[in-house]
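Close look at the chain arrangement
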Amino acid sequence: QVQLVESGGGLVQAGGSLRLSCAASGRTFIRYAMGWFRQAPGKEREFVAAISWNGGTTYYADSVKGRFTISRDNSENMVYLQMNNLKPEDTAVYYCAVPPWSGTIPTEKNEYAYWGQGTQVTVSS
């Protein structure tokens, strides 16, 4: 059974940084892209970032470009989201996700099959 467990969320002041981690288990993810999404209260879950299986290709939402960096460590089945210069509008529950097939780097939530439970990020002004 696939399991994704996020960690690293918390409360931070605007301008601060956080590093989210996602531990994947249950199968080998080395050939699969991985993504980060977020959901703020009352809003739809939205794409944040995605990374190819080898880390060579990354995509970001316009709202986080230049501030967030996605990376992965396939030897540890981990994916990370480094978040710098955080803003109050970044406040949300952050989820990592894996698509059901390899060979693609999806940016739409309906293209992902496996999700973690989420980690709360709160940015105070």
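Each remark here, short or long, concerns the structure printed above.
Because the structure is a prediction, the values reported are computed rather than measured.

So, the sheet that holds strand β3 (residues 18–25)
Ordered in space as β1-β3-β8-β7, the four strands form an open sheet in which the pairing is antiparallel. Of all the strands in the sheet, just β1 (3–7) and β7 (68–73) have a single pairing partner and so form its edges. Strand-to-strand twist in this sheet, taken as the mean axis angle between neighbours without regard to direction, amounts to 15°. Direction of pairing for β1 relative to β3: antiparallel, over a ladder of five bridges. Pairing of E6 across the sheet is with C22, part of β3.

Topic: the pairing of strand β8 (residues 78–83)
Judged by how many residues are buried, β8 sits mostly within the fold: five of six residues are covered. Two strands pair when backbone bridges link them, and β3 and β8 are joined in this way by six bridges, in the antiparallel orientation. Within β8, the residue paired with L18 across the bridge is M83. In textbook terms, the turn of a hairpin is the stretch between consecutive antiparallel strands, and for β7 and β8 this stretch comprises four residues, one of which, N77, has a positive phi near 55°.

A look at the pattern of salt bridges
Opposite charge on two side chains lets them pair, provided their charged atoms get close. Inspection of every chain in the model, using the stated rule, returns five salt bridges. For R38, the salt bridge goes to E46, with nearest N and O atoms at 2.6 Å. You can call E46 partly exposed: its relative accessible area is 37%. Its salt-bridge partner being K65, residue D62 comes within 3.1 Å of it at the nearest N-O pair. Judged by relative accessible area, D62 falls into the exposed class, the value being 65%. Linked through salt bridges whose partners overlap, the residues forming this network are R38, E46, R67 and D90.

Each value, and the rule that gives it
Residue positions are given per chain, counting from 1 as you read along its sequence in written order. Local features are withheld for residues below a pLDDT of 70 in this predicted model, meaning they are given only at 70 or higher, and side-chain atom pairs are given and counted only at 80 or more; totals for whole chains, interfaces and linings count all residues. The side-chain quantities take in all heavy atoms of the structure and omit both hydrogens and water. When DSSP locates at least two bridges between a pair of strands, those strands are taken to pair. Where helices and strands are cited, they refer to DSSP runs of H or I of at least four residues and of E of at least two residues respectively, numbered from the N terminus. Each axis is a line fitted through C-alpha atoms, and for a helix only the stretch in contact is used; angles between axes span 0 to 180 degrees, taken between their N-to-C directions. Burial classes: relative accessible area under 20% of the type maximum marks a residue as buried, over 50% as exposed, and values in between as partly exposed (1.4 Å probe, protein chains only). We define a salt bridge as a contact between a side-chain nitrogen of Lys or Arg and a carboxyl oxygen of Asp or Glu at a distance within 4 Å.

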